[in-house]
Amino acid sequence: MSAPTPRPGRLPCSPVVLRDGRWWLVGRTGSIPASDPAFIAVLDDFAQAMAAADRAVAGLRARQNGSCASGTGEGR
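Here's the deal with the nonpolar core
Moving on, step 1. Leu11, Val16, Leu18, Trp23, Ala34, Ile40, Leu43 and Ala47 together form the largest nonpolar core, which totals eight residues.
Moving on, step 2. Taken together, the elements giving at least two residues each to this core come down to strand 2 (16-19) and helix 1 (37-70).
Moving on, step 3. Considering each element in turn, this core owes the most residues, three residues, to helix 1.

Take a look at the structure:
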């Protein structure tokens, strides 16, 4: 896997889960480990992009909440 390792859990809107540092394809009848290195690299990259987007949104929300809390409420 590429560094840094993505956080464990399911990728949103997908049948893919990261468990114990390994990607799994999950279906109604069970799950199988992902074994194709190219596919695993794409999953790692996508998970990293999702994590970066989550951090960016959290930063924007924090900045927005900070400006609301320090403002007088004018201009709303």
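Structural notes on the environment of Pro33
Moving on, step 1. Here Pro33 lies in strand 4 (residues 30-33).
Moving on, step 2. In the structure, Pro33 is positioned 16 residues away from Val17 in sequence and 9.4 Å away in space, judged by C-alpha atoms.
Moving on, step 3. When residues no more than four places from it in sequence are discounted, the contact partners of Pro33 are Arg22, Trp23 and Trp24.

Observations concerning the environment of Arg19
Moving on, step 1. Here Arg19 shows up in strand 2.
Moving on, step 2. Spatially, the C-alpha atom of Arg19 lies 6.7 Å from that of Gly9, the residues being 10 residues apart in sequence.
Moving on, step 3. Once you skip the residues sitting within four places of it in the chain, Arg19 turns out to touch Trp24, Val26 and Ser31.

Rules used throughout
- Residues numbered from 1 in each chain as written.
- Predicted model: local features only at pLDDT ≥ 70, side-chain atom pairs only at ≥ 80, totals over all residues.
- Heavy atoms only, no water.
- Core = buried A, V, L, I, M, F, W, Y, C linked by side-chain atoms within 4.5 Å.
- Buried < 20%, exposed > 50% of the residue type's maximum accessible area, 1.4 Å probe, protein only.
- Helix = DSSP H or I, 4+ residues; strand = E, 2+ residues; numbered from the N terminus.
- Contact = heavy atoms within 4.5 Å.

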